[in-house]
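# Coordinate inspection notes
Below are the chains, spelled out letter by letter.
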2 protein chains.
Amino acid sequence: MEAVVDEDVCTKWSETLRVYHNTSCELENSLQDGHDLGLSEFEVLKILSRSCGKHGGKAKMKELEAEMYLSQSALSRTVTRLEKAGLVTRATCDFDRRAMFLLLTPAGQERYEAAQPTYRAVLRRHLA
Amino acid sequence: MEAVVDEDVCTKWSETLRVYHNTSCELENSLQDGHDLGLSEFEVLKILSRSCGKHGGKAKMKELEAEMYLSQSALSRTVTRLEKAGLVTRATCDFDRRAMFLLLTPAGQERYEAAQPTYRAVLRRHLA
DNA sequence: TGACATCCAATGCACGTGCATGTAAGTTTC
DNA sequence: GAAACTTACATGCACGTGCATTGGATGTCA
């Protein structure tokens, strides 16, 4: 019977919804209050911090876009906010001048490392 | 070691994020394109349709608010949209004239029933 | 080389959301 | 019964998002 599947699927969905909402709300609030960072801003710093270790301090916009659940335009503005806050620098790529490299500034690295414990604590509280 | 827990928790979170985003985006698009309904609008109709069966066609705003992940103001505006579309009616309560009852109109019931298969199909595709 | 398609990022715009506040109705305290 | 408090809902406002478009750079093909 399909009805059984539907019920099961609905339960799974409402559970996902609950976890997502509780967690992301608290992440948003904690990061904002404690570190003046939005969740998607933190997420950019996180990815950037990872790939900066690997690629010598650079990451392309397109790479970021592929790794997070954000439209191209939203990402562009998120980066603009981070740049205004001095946490990130934009740099044009010499080989393809359409593309942009992103660099984590020392302030950005510092802010990310300060925020990471908060982030992990919230995740642990909700998902452990 | 805490690092192990953190990694596990991060994986769980990114999985939740993935499922939530894919599912809710497709729900939003399918419901909008096929039935001219936003996801939170559909959710209101869904709850209303359930409790209308039980309570003789009525549900209070506060009840809705408790059952969905939406702020009081957002819910108020969602109901306004539904009312403008003729899918729902607001009615003041005689016993507590601060409170509002919501009624599903025949058009609302019809729209909900038309949209439900779409909704379930998306959930099944992503969560089955 | 010139014309055309494709790609990357930024921006105008509309929209839904949350927070803070306003307004009106009910409740409590004296 | 008047004043202070609480509750229910609506609204002003700021903000982040997605879609569509633009502007500039690159690639392709004749």
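Here the structure is a predicted model, which means the values were calculated and not measured.

### Observations regarding the overall build of chain A
If you tally the helices and strands in chain A, you get five helices and three strands. The N-to-C order of helical and strand elements in chain A reads α-α-β-α-α-β-β-α. Taken over the C-alpha atoms alone, chain A extends approximately 60 × 35 × 25 Å along its principal axes. Out of the 128 residues belonging to chain A, those deemed buried represent 39%. Once local pairs closer than 6 in sequence are excluded, the contacts in chain A between residues at least 24 apart make up 55%. As presented, chain A carries roughly 7,300 Å² of accessible surface, and 51% of it is formed by carbon and sulfur atoms. A distance of 7 Å separates the average location of the 18 positive side-chain charges in chain A from that of its 19 negative side-chain charges.

### Here we look at the protein's contact with DNA strand D
Near DNA strand D you find 21 residues, and of these Ser-71 and Ser-73 of chain A together with Ser-76, Arg-77 and Arg-90 of chain B are the closest. Within 4 Å of the protein, the atoms of DNA strand D are drawn from sugar and phosphate moieties in a proportion of 58%. Separating a phosphate oxygen of DNA strand D from a backbone N or O atom of Lys-62 of chain B is a distance of 3.4 Å. Looking at the surface near DNA strand D, the elements that each hand over two or more residues are α4 (72-84) of chain A together with α3 (61-67) and α4 (72-84) of chain B. For the surface near DNA strand D, the leading source of residues is α4 of chain A, giving five residues. Its residues placed into classes, the surface near DNA strand D shows five nonpolar, seven polar and nine charged.

### Here's the deal with the protein's contact with DNA strand C
Taken together, 22 residues are adjacent to DNA strand C, and Gln-72, Ser-76, Arg-77 and Arg-90 of chain A together with Ser-71 of chain B come closest. Protein-adjacent atoms of DNA strand C, using a 4 Å cutoff, are sugar or phosphate at a proportion of 58%. Note that a base oxygen of DNA strand C is positioned 3.3 Å from one of the side-chain N or O atoms of Arg-98 of chain A. Take Met-100 of chain A: an N or O atom from its main chain is 3.0 Å from a phosphate oxygen of DNA strand C. Contributing elements (two or more residues each) for the surface near DNA strand C: α3 (61-67) and α4 of chain A together with α4 of chain B. Considering each element in turn, the surface near DNA strand C owes the most residues, five residues, to α4 of chain B. Class assignment of the residues belonging to the surface near DNA strand C gives a composition of six nonpolar, seven polar and nine charged.

### Some points on the pattern of salt bridges
Residues and elements named next belong to chain A. Applying the stated rule across the entire model yields 16 salt bridges over all chains. Among the ionic pairs, Arg-18 bridges to Glu-15, the shortest N-O distance being 2.7 Å. Here the residue Arg-18 and the residue Glu-15 both occupy positions in helix α1 (residues 2-35), the gap between them amounting to three residues, near one helical turn. Ionic pairing is found between Glu-41 and Arg-81, a salt bridge with its closest N-O pair at 2.7 Å.

### Description of the interface of chain B and chain A
You'll often see interface size given as the accessible area lost when the parts meet. Taken together, the contact between chain B and chain A spans 25 residues of the former and 25 residues of the latter. The three residues of chain B that bury the most area against chain A are Trp-13, Tyr-20 and Tyr-69 of chain B, which together make up 31% of that side's buried surface. The tally of links between chain B and chain A comes to two residue pairs in polar contact (both at pLDDT 80 or more). By residue number, the principal contributor to the side of chain B that touches chain A is helix α1 (residues 2-35) of chain B, which donates 18 residues. Grouping the amino acids of the side of chain B that touches chain A by side-chain chemistry returns 13 nonpolar, six polar and six charged.

### Some points on the confidence of the model for chain A
In the predicted model, chain A carries a mean pLDDT of 93, and 94% of its residues have values of at least 70. Taking the mean pLDDT of every element in chain A, the minimum, 84, falls on strand β1 (residues 59-60) of chain A and the maximum, 98, on α4 of chain A.

Parameters and conventions
Counting starts from 1 at the beginning of each chain's written sequence and moves along it residue by residue. Each chain takes a letter, starting from A, and each ligand takes a number, starting from 1, following the order in which they are written. pLDDT decides what is reported in this predicted model: residues at 70 or higher carry local features, side-chain atom pairs at 80 or more are listed and counted, and totals for whole chains, interfaces and linings draw on all residues regardless. Note that the side-chain values use all heavy atoms of the structure and ignore hydrogens as well as water. Secondary structure follows DSSP: runs of H or I at least 4 residues long count as helices, runs of E at least 2 residues long count as strands, and numbering of each begins at the N terminus. When accessible area is computed with a 1.4 Å probe and restricted to protein chains, residues below 20% of their type maximum are described as buried, those above 50% as exposed, and intermediate ones as partly exposed. Whether two residues are in contact is decided by their heavy atoms, any of which lying within 4.5 Å being enough. With residues, only the protein chains shown are counted as cover, and all accessible areas are computed by Shrake-Rupley using a 1.4 Å probe. Charge counting treats Lys and Arg as positive and Asp and Glu as negative, with His and both chain ends excluded. For the purpose of locating charges, the reference atoms are NZ of Lys, CZ of Arg, CG of Asp and CD of Glu. Throughout, near means a residue has at least one heavy atom within 4 Å of the molecule or strand. What qualifies as a polar contact is a pair of N or O atoms within 3.5 Å, subject to a donor-acceptor requirement within protein and to the restriction that residues adjacent in sequence count only when both atoms come from side chains. Basically, the charged four are Asp, Glu, Lys and Arg, the nonpolar ten are Ala, Val, Leu, Ile, Met, Phe, Trp, Tyr, Cys and Pro, and anything else, Gly included, counts as polar. The term salt bridge refers to a side-chain nitrogen of Lys or Arg lying within 4 Å of a carboxyl oxygen of Asp or Glu. Put simply, buried area is how much 1.4 Å-probe accessible surface two parts lose in total, over both of them, once they are put together. The predictor attaches a confidence to each residue, and that confidence, scored 0 to 100, is pLDDT.

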